[in-house]
Amino acid sequence: MRYICITDFKTLHSNLFNPTIMAPILDKRYFVYEDFISSLDTVIATFKGDHCVMNELGKSVLGDSIYNLQLGSGSIKILIWSQMHGNESTTTRSLFPFIEWFLNSDYFHKYKLYIIPVLNPDGLKKWTRENANSVDLNRDAQDLSQPESVLLKTAFGTFKPDYCFNLHDQRTIYGTPDGQHGIHCSFLSPAANKTRDITPARLSAMNIINHIANHIKVDSNHVIGRYGDGFNANCVGDTFQSLGVPTILFEAGQDDDDYYRTETVHSILKSLQRAIEVIASNDEVDSQKVPSEYHSITPIETNFCDILIKNVSSGNSTVDLSIMYREVLQDDILYFVPFLTGVNDDKVKNAHRIIDMRLNDIAVDFEISTGQKIISNSLDIQIFY
Ligand SMILES: [Zn+2]
(Lines give C-alpha, C1' and ligand atoms only; values in the text may rest on other atoms or scores of the structure.)
Protein backbone atom coordinates (compact mmCIF):
# COMPACT_ATOMS: atom_id res chain seq x y z
CA MET A 1 0.00 0.00 0.00
CA ARG A 2 1.51 3.29 -1.09
CA TYR A 3 -0.70 5.47 1.04
CA ILE A 4 -0.13 6.43 4.63
CA CYS A 5 -2.59 4.97 7.07
CA ILE A 6 -5.13 7.10 8.85
CA THR A 7 -3.25 7.12 12.16
CA ASP A 8 -0.04 8.45 10.62
CA PHE A 9 -2.02 11.00 8.73
CA LYS A 10 -3.61 12.36 11.89
CA THR A 11 -0.25 12.76 13.62
CA LEU A 12 1.33 14.32 10.58
CA HIS A 13 -1.24 17.04 10.18
CA SER A 14 -2.50 17.62 13.69
CA ASN A 15 -0.31 20.72 13.92
CA LEU A 16 -2.46 22.41 11.29
CA PHE A 17 -5.67 22.12 13.21
CA ASN A 18 -7.07 21.74 16.67
CA PRO A 19 -6.88 17.94 16.81
CA THR A 20 -9.47 17.45 19.53
CA ILE A 21 -12.21 19.23 17.64
CA MET A 22 -11.08 18.41 14.13
CA ALA A 23 -10.20 14.77 14.58
CA PRO A 24 -13.58 13.35 13.54
CA ILE A 25 -13.48 15.07 10.18
CA LEU A 26 -10.00 16.16 9.22
CA ASP A 27 -8.48 12.83 8.37
CA LYS A 28 -10.81 11.60 5.66
CA ARG A 29 -12.54 12.76 2.52
CA TYR A 30 -15.75 11.26 3.91
CA PHE A 31 -17.09 12.14 7.33
CA VAL A 32 -20.27 11.24 9.17
CA TYR A 33 -22.63 14.19 8.81
CA GLU A 34 -23.91 14.05 12.39
CA ASP A 35 -20.33 13.97 13.76
CA PHE A 36 -19.49 16.95 11.63
CA ILE A 37 -22.47 18.98 12.86
CA SER A 38 -21.80 18.16 16.50
CA SER A 39 -18.12 19.15 16.10
CA LEU A 40 -19.22 22.39 14.53
CA ASP A 41 -21.64 22.95 17.37
CA THR A 42 -18.74 22.52 19.81
CA VAL A 43 -16.80 25.30 18.08
CA ILE A 44 -19.82 27.59 17.97
CA ALA A 45 -20.70 26.89 21.63
CA THR A 46 -17.35 28.36 22.68
CA PHE A 47 -18.30 31.71 21.15
CA LYS A 48 -22.07 31.60 21.33
CA GLY A 49 -23.71 35.02 21.37
CA ASP A 50 -25.76 37.35 19.23
CA HIS A 51 -23.16 37.30 16.49
CA CYS A 52 -22.31 33.62 16.51
CA VAL A 53 -25.22 31.29 15.94
CA MET A 54 -25.97 28.04 14.18
CA ASN A 55 -29.55 27.40 13.08
CA GLU A 56 -31.45 24.84 11.11
CA LEU A 57 -32.05 26.38 7.72
CA GLY A 58 -34.42 23.66 6.51
CA LYS A 59 -34.60 20.03 5.46
CA SER A 60 -33.13 18.01 2.64
CA VAL A 61 -35.21 15.74 0.40
CA LEU A 62 -34.71 12.87 2.86
CA GLY A 63 -35.47 15.06 5.86
CA ASP A 64 -31.98 15.75 7.14
CA SER A 65 -31.40 19.12 8.76
CA ILE A 66 -29.40 21.63 6.73
CA TYR A 67 -27.68 24.21 8.91
CA ASN A 68 -26.47 27.74 8.54
CA LEU A 69 -24.06 29.72 10.65
CA GLN A 70 -24.22 33.47 11.09
CA LEU A 71 -20.93 34.79 12.33
CA GLY A 72 -19.62 38.29 12.90
CA SER A 73 -20.92 41.71 13.89
CA GLY A 74 -19.65 43.70 10.92
CA SER A 75 -21.29 45.14 7.85
CA ILE A 76 -19.67 43.32 4.90
CA LYS A 77 -21.90 40.35 4.15
CA ILE A 78 -20.60 37.15 2.56
CA LEU A 79 -22.72 34.12 1.73
CA ILE A 80 -20.63 30.94 1.70
CA TRP A 81 -21.95 27.50 0.86
CA SER A 82 -20.11 24.21 0.52
CA GLN A 83 -20.87 20.67 -0.59
CA MET A 84 -23.85 21.38 -2.79
CA HIS A 85 -22.26 18.40 -4.51
CA GLY A 86 -22.43 15.69 -1.86
CA ASN A 87 -19.16 13.97 -2.77
CA GLU A 88 -17.09 17.19 -2.63
CA SER A 89 -15.99 17.53 0.98
CA THR A 90 -12.54 19.14 0.87
CA THR A 91 -13.74 22.73 1.12
CA THR A 92 -16.12 21.75 3.93
CA ARG A 93 -13.11 20.45 5.85
CA SER A 94 -11.36 23.80 5.23
CA LEU A 95 -14.34 25.65 6.68
CA PHE A 96 -13.59 24.24 10.11
CA PRO A 97 -10.23 25.94 10.68
CA PHE A 98 -11.51 28.94 8.71
CA ILE A 99 -14.41 29.42 11.13
CA GLU A 100 -12.10 29.10 14.15
CA TRP A 101 -9.71 31.61 12.61
CA PHE A 102 -12.51 34.04 11.79
CA LEU A 103 -14.05 33.88 15.25
CA ASN A 104 -10.67 34.73 16.77
CA SER A 105 -9.76 37.49 14.31
CA ASP A 106 -10.46 41.21 14.12
CA TYR A 107 -12.44 40.49 10.97
CA PHE A 108 -15.25 39.30 13.25
CA HIS A 109 -16.18 42.97 13.70
CA LYS A 110 -15.89 43.80 10.00
CA TYR A 111 -17.94 40.99 8.49
CA LYS A 112 -21.15 39.10 8.77
CA LEU A 113 -20.69 35.62 7.34
CA TYR A 114 -23.61 33.42 6.43
CA ILE A 115 -22.23 29.91 5.99
CA ILE A 116 -24.09 26.82 4.81
CA PRO A 117 -21.42 24.19 5.47
CA VAL A 118 -23.19 21.24 3.79
CA LEU A 119 -26.03 22.12 1.42
CA ASN A 120 -26.52 18.53 0.24
CA PRO A 121 -26.35 16.14 3.23
CA ASP A 122 -28.26 13.44 1.34
CA GLY A 123 -25.55 13.43 -1.33
CA LEU A 124 -22.85 13.37 1.35
CA LYS A 125 -24.44 10.31 2.97
CA LYS A 126 -24.60 8.40 -0.32
CA TRP A 127 -21.41 9.99 -1.68
CA THR A 128 -23.11 11.30 -4.81
CA ARG A 129 -22.75 14.59 -6.61
CA GLU A 130 -26.54 14.89 -6.91
CA ASN A 131 -29.16 15.17 -4.20
CA ALA A 132 -31.57 12.35 -3.24
CA ASN A 133 -33.73 13.06 -6.31
CA SER A 134 -30.65 12.65 -8.55
CA VAL A 135 -30.66 16.36 -9.36
CA ASP A 136 -27.42 18.31 -9.71
CA LEU A 137 -28.15 21.30 -7.47
CA ASN A 138 -25.68 23.36 -9.46
CA ARG A 139 -27.91 23.02 -12.51
CA ASP A 140 -31.08 23.92 -10.66
CA ALA A 141 -30.58 27.66 -10.22
CA GLN A 142 -33.46 28.56 -12.55
CA ASP A 143 -35.88 25.67 -11.99
CA LEU A 144 -35.43 25.66 -8.20
CA SER A 145 -37.04 22.22 -8.28
CA GLN A 146 -35.30 20.92 -5.13
CA PRO A 147 -35.71 21.97 -1.50
CA GLU A 148 -31.94 22.48 -1.17
CA SER A 149 -31.94 24.88 -4.15
CA VAL A 150 -34.83 26.84 -2.66
CA LEU A 151 -33.02 27.11 0.68
CA LEU A 152 -29.92 28.55 -0.97
CA LYS A 153 -31.87 31.00 -3.11
CA THR A 154 -33.93 32.09 -0.10
CA ALA A 155 -30.75 32.62 1.92
CA PHE A 156 -29.43 34.76 -0.95
CA GLY A 157 -32.66 36.77 -1.08
CA THR A 158 -33.00 37.39 2.65
CA PHE A 159 -29.32 37.84 3.60
CA LYS A 160 -28.59 40.07 0.57
CA PRO A 161 -24.86 39.28 0.45
CA ASP A 162 -22.21 41.66 -0.85
CA TYR A 163 -20.14 38.63 -1.98
CA CYS A 164 -20.72 34.92 -2.54
CA PHE A 165 -18.26 32.03 -2.20
CA ASN A 166 -19.32 28.79 -3.90
CA LEU A 167 -17.18 25.88 -2.64
CA HIS A 168 -16.45 22.66 -4.56
CA ASP A 169 -13.99 19.85 -5.23
CA GLN A 170 -12.74 19.11 -8.71
CA ARG A 171 -11.86 15.69 -10.06
CA THR A 172 -8.35 14.37 -10.62
CA ILE A 173 -8.70 14.73 -14.43
CA TYR A 174 -7.50 18.33 -14.58
CA GLY A 175 -4.06 19.48 -15.67
CA THR A 176 -2.24 22.39 -17.24
CA PRO A 177 -2.76 22.67 -21.02
CA ASP A 178 0.70 21.19 -21.67
CA GLY A 179 -0.10 18.27 -19.37
CA GLN A 180 3.00 18.93 -17.26
CA HIS A 181 1.23 19.56 -13.96
CA GLY A 182 -1.92 18.63 -12.10
CA ILE A 183 -4.12 21.42 -10.73
CA HIS A 184 -3.93 22.00 -7.00
CA CYS A 185 -6.92 24.35 -6.80
CA SER A 186 -8.77 26.39 -9.36
CA PHE A 187 -11.00 29.41 -9.26
CA LEU A 188 -13.58 31.10 -11.42
CA SER A 189 -15.23 34.44 -11.61
CA PRO A 190 -18.33 33.07 -13.37
CA ALA A 191 -19.76 34.81 -16.41
CA ALA A 192 -22.79 37.00 -15.79
CA ASN A 193 -24.16 36.74 -19.30
CA LYS A 194 -23.67 34.88 -22.59
CA THR A 195 -21.22 37.43 -23.93
CA ARG A 196 -19.12 36.99 -20.80
CA ASP A 197 -18.83 40.73 -20.26
CA ILE A 198 -16.66 41.90 -17.43
CA THR A 199 -19.39 43.34 -15.26
CA PRO A 200 -18.46 45.20 -12.03
CA ALA A 201 -19.30 42.05 -10.05
CA ARG A 202 -17.10 39.85 -12.27
CA LEU A 203 -14.28 42.36 -12.06
CA SER A 204 -14.45 42.40 -8.29
CA ALA A 205 -14.41 38.58 -8.13
CA MET A 206 -11.47 38.49 -10.58
CA ASN A 207 -9.52 40.87 -8.37
CA ILE A 208 -10.00 38.66 -5.31
CA ILE A 209 -9.01 35.55 -7.27
CA ASN A 210 -5.81 37.24 -8.47
CA HIS A 211 -4.83 37.94 -4.87
CA ILE A 212 -5.67 34.37 -3.83
CA ALA A 213 -3.64 32.88 -6.69
CA ASN A 214 -0.58 34.99 -5.87
CA HIS A 215 -0.89 34.18 -2.18
CA ILE A 216 -1.05 30.40 -2.57
CA LYS A 217 1.82 30.36 -5.05
CA VAL A 218 4.18 32.13 -2.67
CA ASP A 219 5.25 29.14 -0.64
CA SER A 220 4.47 26.22 -2.88
CA ASN A 221 5.13 24.75 -6.29
CA HIS A 222 1.46 24.07 -6.78
CA VAL A 223 -0.29 25.17 -9.95
CA ILE A 224 -3.38 27.29 -9.44
CA GLY A 225 -5.85 27.04 -12.30
CA ARG A 226 -8.63 29.05 -13.87
CA TYR A 227 -11.91 27.31 -14.60
CA GLY A 228 -13.73 27.75 -17.94
CA ASP A 229 -16.21 30.62 -17.97
CA GLY A 230 -18.93 29.58 -20.42
CA PHE A 231 -22.19 31.07 -19.16
CA ASN A 232 -24.85 28.73 -17.82
CA ALA A 233 -27.79 30.37 -16.07
CA ASN A 234 -28.63 27.03 -14.45
CA CYS A 235 -25.42 27.26 -12.42
CA VAL A 236 -25.83 29.04 -9.12
CA GLY A 237 -22.62 31.09 -9.38
CA ASP A 238 -23.53 32.41 -12.84
CA THR A 239 -26.98 33.37 -11.60
CA PHE A 240 -25.74 35.21 -8.51
CA GLN A 241 -23.04 36.96 -10.55
CA SER A 242 -25.70 38.02 -13.08
CA LEU A 243 -27.68 39.52 -10.18
CA GLY A 244 -24.71 41.80 -9.53
CA VAL A 245 -23.15 40.07 -6.52
CA PRO A 246 -19.42 39.26 -6.94
CA THR A 247 -19.25 35.47 -6.79
CA ILE A 248 -16.21 33.22 -6.63
CA LEU A 249 -16.10 29.53 -7.42
CA PHE A 250 -13.49 27.72 -5.33
CA GLU A 251 -12.47 24.31 -6.68
CA ALA A 252 -10.33 22.14 -4.42
CA GLY A 253 -8.16 20.01 -6.68
CA GLN A 254 -5.30 17.63 -6.24
CA ASP A 255 -1.77 17.14 -7.38
CA ASP A 256 0.42 14.07 -7.03
CA ASP A 257 -0.99 11.37 -4.77
CA ASP A 258 -2.59 13.55 -2.12
CA TYR A 259 -5.84 11.58 -2.36
CA TYR A 260 -6.94 12.68 1.10
CA ARG A 261 -6.43 16.24 -0.15
CA THR A 262 -4.72 17.31 3.05
CA GLU A 263 -2.60 19.91 1.33
CA THR A 264 -5.61 21.20 -0.54
CA VAL A 265 -7.60 21.61 2.69
CA HIS A 266 -4.84 23.91 3.84
CA SER A 267 -4.70 25.85 0.56
CA ILE A 268 -8.45 26.41 0.51
CA LEU A 269 -8.20 27.67 4.09
CA LYS A 270 -5.51 30.12 2.98
CA SER A 271 -7.65 31.15 -0.01
CA LEU A 272 -10.63 31.94 2.18
CA GLN A 273 -8.47 33.92 4.59
CA ARG A 274 -6.87 35.85 1.73
CA ALA A 275 -10.29 36.67 0.26
CA ILE A 276 -11.39 38.08 3.60
CA GLU A 277 -8.23 40.22 3.82
CA VAL A 278 -8.56 41.53 0.26
CA ILE A 279 -12.21 42.50 0.57
CA ALA A 280 -11.56 44.30 3.85
CA SER A 281 -8.66 46.27 2.35
CA ASN A 282 -11.11 47.80 -0.15
CA ASP A 283 -8.33 48.71 -2.59
CA GLU A 284 -9.23 50.25 -5.89
CA VAL A 285 -9.69 47.71 -8.69
CA ASP A 286 -7.98 48.50 -11.98
CA SER A 287 -10.44 47.57 -14.74
CA GLN A 288 -7.61 46.98 -17.25
CA LYS A 289 -4.96 45.24 -15.20
CA VAL A 290 -7.23 42.98 -13.18
CA PRO A 291 -8.83 41.10 -16.12
CA SER A 292 -5.48 40.74 -17.84
CA GLU A 293 -3.86 39.31 -14.71
CA TYR A 294 -6.87 37.07 -14.17
CA HIS A 295 -6.63 35.70 -17.71
CA SER A 296 -2.94 34.99 -17.20
CA ILE A 297 -3.86 32.38 -14.55
CA THR A 298 -3.36 28.94 -16.10
CA PRO A 299 -6.51 27.62 -17.77
CA ILE A 300 -7.32 24.03 -16.84
CA GLU A 301 -7.87 21.13 -19.21
CA THR A 302 -9.08 17.58 -18.77
CA ASN A 303 -5.91 15.67 -19.59
CA PHE A 304 -4.97 13.69 -16.46
CA CYS A 305 -5.90 10.27 -15.15
CA ASP A 306 -5.10 8.66 -11.81
CA ILE A 307 -2.69 5.99 -13.04
CA LEU A 308 -1.18 5.78 -16.51
CA ILE A 309 0.53 2.51 -17.43
CA LYS A 310 2.66 3.14 -20.50
CA ASN A 311 3.99 0.72 -23.07
CA VAL A 312 2.04 -2.36 -22.06
CA SER A 313 2.60 -5.28 -24.48
CA SER A 314 -0.61 -6.22 -26.22
CA GLY A 315 -0.35 -8.60 -29.19
CA ASN A 316 2.35 -7.30 -31.51
CA SER A 317 2.26 -3.74 -30.24
CA THR A 318 2.14 -1.73 -27.04
CA VAL A 319 -0.66 0.30 -25.53
CA ASP A 320 -1.06 2.93 -22.82
CA LEU A 321 -3.69 2.20 -20.18
CA SER A 322 -5.46 4.86 -18.15
CA ILE A 323 -6.93 4.05 -14.78
CA MET A 324 -9.31 6.16 -12.72
CA TYR A 325 -10.33 5.60 -9.12
CA ARG A 326 -14.04 5.39 -8.43
CA GLU A 327 -14.98 6.55 -4.96
CA VAL A 328 -17.24 3.97 -3.33
CA LEU A 329 -18.80 4.53 0.09
CA GLN A 330 -19.51 1.42 2.12
CA ASP A 331 -20.26 1.25 5.87
CA ASP A 332 -18.95 4.80 6.38
CA ILE A 333 -15.64 4.06 4.67
CA LEU A 334 -14.76 5.69 1.38
CA TYR A 335 -12.86 3.30 -0.87
CA PHE A 336 -10.85 4.32 -3.91
CA VAL A 337 -11.39 1.54 -6.44
CA PRO A 338 -9.22 1.51 -9.60
CA PHE A 339 -10.95 0.94 -12.95
CA LEU A 340 -9.48 0.74 -16.45
CA THR A 341 -11.10 3.69 -18.22
CA GLY A 342 -9.08 4.05 -21.43
CA VAL A 343 -6.72 2.38 -23.85
CA ASN A 344 -4.52 4.79 -25.84
CA ASP A 345 -6.77 7.66 -24.78
CA ASP A 346 -5.60 10.68 -26.79
CA LYS A 347 -6.89 13.10 -24.19
CA VAL A 348 -4.68 11.72 -21.42
CA LYS A 349 -1.32 13.52 -21.28
CA ASN A 350 -0.26 12.74 -17.74
CA ALA A 351 -1.26 11.03 -14.51
CA HIS A 352 -0.96 11.27 -10.76
CA ARG A 353 1.09 8.08 -10.96
CA ILE A 354 2.93 6.77 -14.02
CA ILE A 355 4.17 3.23 -14.52
CA ASP A 356 6.34 2.71 -17.59
CA MET A 357 6.50 -0.99 -18.52
CA ARG A 358 9.75 -0.44 -20.44
CA LEU A 359 11.34 0.13 -17.05
CA ASN A 360 9.68 -2.88 -15.43
CA ASP A 361 10.77 -6.44 -15.92
CA ILE A 362 7.31 -7.74 -15.07
CA ALA A 363 4.10 -8.47 -16.91
CA VAL A 364 0.69 -7.02 -16.16
CA ASP A 365 -1.34 -9.47 -14.14
CA PHE A 366 -4.81 -8.41 -15.30
CA GLU A 367 -6.93 -8.60 -18.39
CA ILE A 368 -6.88 -5.45 -20.57
CA SER A 369 -10.57 -4.67 -20.86
CA THR A 370 -12.12 -1.22 -20.50
CA GLY A 371 -14.49 -0.80 -17.59
CA GLN A 372 -12.80 -3.56 -15.55
CA LYS A 373 -11.80 -3.13 -11.95
CA ILE A 374 -8.01 -3.39 -11.84
CA ILE A 375 -6.18 -4.99 -8.95
CA SER A 376 -2.52 -5.70 -9.66
CA ASN A 377 -0.11 -7.14 -7.17
CA SER A 378 2.80 -6.91 -9.59
CA LEU A 379 2.22 -3.19 -10.21
CA ASP A 380 0.93 -2.40 -6.73
CA ILE A 381 -2.43 -1.12 -7.89
CA GLN A 382 -4.89 -1.69 -5.07
CA ILE A 383 -8.11 -0.49 -3.57
CA PHE A 384 -7.30 1.86 -0.73
CA TYR A 385 -9.24 3.96 1.74
ZN1 LIG B 1 -18.94 20.64 -7.50
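Residues numbered from 1 in each chain as written. Predicted model: local features only at pLDDT ≥ 70, side-chain atom pairs only at ≥ 80, totals over all residues. Heavy atoms only, no water.

Visitor: Hey, could you run me through the coordination of the zinc ion in this one?
Guide: A four-donor tetrahedral metal ideally has 109.5 degree angles, and a six-donor octahedral metal ideally has angles of 90 or 180 degrees. For the zinc ion, the full set of protein donor atoms is H85 (ND1), E88 (OE), E88 (OE) and H168 (ND1), and the range of their distances to it is 2.0 to 2.6 Å. Here the zinc ion binds four donor atoms, and the angle range of 55 to 151 degrees at the metal identifies the geometry as irregular. Judged by relative accessible area, which is 2%, H168 ranks as buried. (Donors = N, O, S within 2.8 Å, 3.2 Å for Na, K, Ca; no water. Tetrahedral: all angles 85-135°; square planar, octahedral: opposite > 155°, others 65-115°. Buried < 20%, exposed > 50% of the residue type's maximum accessible area, 1.4 Å probe, protein only.)

Visitor: Honestly, the pattern of salt bridges in this entry has me stumped. Any pointers?
Guide: When their charged atoms lie close together, side chains carrying opposite charge are able to pair. Counted according to the given criterion, the structure contains eleven salt bridges. Note that R196 and D229 form a salt bridge whose closest N and O atoms lie 2.9 Å from each other. In this pair, R196 is assigned in the loop between strand 7 (185–188) and helix 7 (200–218) and D229 in the loop between strand 8 (224–226) and helix 8 (236–242), connecting sequence segments 33 residues apart. With a closest N to O distance of 2.9 Å, E277 and R274 form a salt bridge. Here the residue E277 and the residue R274 both occupy positions in helix 9 (residues 262–281), the gap between them amounting to three residues, near one helical turn. By relative accessible area, E277 is classed as partly exposed at 28%. The network of salt bridges with shared partners includes E34, D64 and K125. (Salt bridge = Lys/Arg side-chain N within 4 Å of Asp/Glu carboxyl O. Helix = DSSP H or I, 4+ residues; strand = E, 2+ residues; numbered from the N terminus.)

Visitor: Sorry if this is basic, but what is going on with the side chain of T91 here?
Guide: Tracing the backbone through its elements, the reader meets T91 in helix 4 (residues 90–103). For T91, a relative accessible area of 0% corresponds to the buried category.

Visitor: Is there a simple way to think about the environment of H168 in this case?
Guide: By the element assignment, H168 lies in strand 5 (residues 163–169). Separated by 90 residues in the primary sequence, H168 and D258 have C-alpha atoms spaced 17 Å apart. Each residue touching H168, except ones within four places of it in the same chain, is listed here: M84, H85, E88, T91, N138, L249, F250, E251 and A252. At 3.1 Å, the side chain of H168 forms a polar contact with the side chain of H85. (Contact = heavy atoms within 4.5 Å. Polar contact = N/O pair within 3.5 Å; in protein donor to acceptor, adjacent residues only side chain to side chain.)

Visitor: Can you walk me through the domain arrangement of the chain in this structure?
Guide: One frequent convention defines the size of an interface as the accessible area lost when the parts assemble. Along its sequence, the chain is carved into domain 1 (9–302) and domain 2 (304–375). For domain 1 and domain 2, the distance between their C-alpha centroids amounts to 32 Å. On the side of domain 2, 13 residues touch domain 1, which itself brings 24 residues to the contact. When the two sides are added together, the surface that domain 1 and domain 2 hide from each other amounts to roughly 1500 Å², 54% of it contributed by carbon and sulfur. The three residues of domain 1 that bury the most area against domain 2 are Y30, W127 and Y259, which together make up 34% of that side's buried surface. At the junction of domain 1 and domain 2, the tally comes to eleven residue pairs in polar contact (both at pLDDT 80 or more). Of all the elements in the fold, those that place two or more residues in the side of domain 1 that touches domain 2 are helix 5 (121–126), strand 6 (174–175) and strand 11 (301–302). Element by element, the count of residues in the side of domain 1 that touches domain 2 is highest for helix 5, at three residues. For the side of domain 1 that touches domain 2, the per-class residue count stands at eight nonpolar, nine polar and seven charged. (Domains from an automatic or database assignment. Buried area = accessible area lost by both parts, 1.4 Å probe. Nonpolar A, V, L, I, M, F, W, Y, C, P; charged D, E, K, R; others polar.)

Visitor: Would you mind going over helix 6 (residues 147–159) with me for this structure?
Guide: An α-helix turns once every 3.6 residues. As a result, residues three or four positions apart point the same way. Under the 1.5 Å per step criterion, the end-to-end length of helix 6 is 18 Å for 13 residues, consistent within 8% with the ideal 18 Å. Residues E148, S149, L151, L152, A155, F156 and F159 constitute the buried set of helix 6. Buried residues of helix 6, seen end-on, are gathered within an arc of 165 degrees and therefore sit on one face of the element. Just beyond helix 6, the residue with positive phi is K160, at close to 50 degrees. (Expected span 1.5 Å × (residues − 1). Arc of directions from axis to C-beta.)

Visitor: What should I look at first to understand the nonpolar core in this one?
Guide: Nonpolar side chains tend toward joint burial in soluble globular proteins. Formed by 76 residues in total, the largest nonpolar core has its most connected members in F98, I99, F165 and I309. At eight residues, the largest contribution of residues to this core is made by helix 7. The residues that make up this core include at least three from each of domain 1 (9–302) and domain 2 (304–375). In this structure, I99 is in contact with L40, V43, I44, L69, L71 and I115, ignoring residues within four places of it in sequence. (Core = buried A, V, L, I, M, F, W, Y, C linked by side-chain atoms within 4.5 Å.)

Visitor: Can you help me understand the layout of surface pockets in this one?
Guide: To find leftover empty space, a probe the size of one water molecule is rolled over the atoms. Computed from the structure, the largest pocket encloses a volume of approximately 870 Å³. Lining the largest pocket we find 36 residues, and of these E88, R129, D169, R171 and Y227 sit closest to its centre. Elements supplying a minimum of two residues to the lining of the largest pocket: strand 5, helix 8, strand 9 (247–252) and strand 13 (317–330). Per-domain counts for the lining of the largest pocket show at least three residues from each of domain 1 (9–302) and domain 2 (304–375). (1 Å grid on protein atoms, 1.4 Å probe; cavity = no way out; pocket = protein on both sides within 12 Å on 5 of 7 lines; lining within 4 Å. Points joined across faces, edges and corners; volume = space filled by probe spheres on them.)

Visitor: Please clarify how the sheet that holds strand 15 (residues 350–356) should be interpreted in this entry.
Guide: Paired through their backbone hydrogen bonds, the strands of a sheet run either parallel or antiparallel. With respect to topology, four strands assemble into an open sheet ordered 14-13-12-15, the strand pairing being mixed. Whereas interior strands pair on both sides, the edge strands pair on one side only; in this sheet they are strand 14 (333–343) and strand 15. Each strand of the sheet is rotated relative to its neighbour by a mean of 30 degrees, with strand direction disregarded. Two strands pair when backbone bridges link them, and strand 12 (residues 304–314) and strand 13 are joined in this way by six bridges, in the antiparallel orientation. Bridge pairing links V312 to V319 in strand 13. (Pairing = 2+ DSSP bridges. Axes fitted to C-alpha atoms, helices over the stretch in contact; angles between N-to-C directions.)

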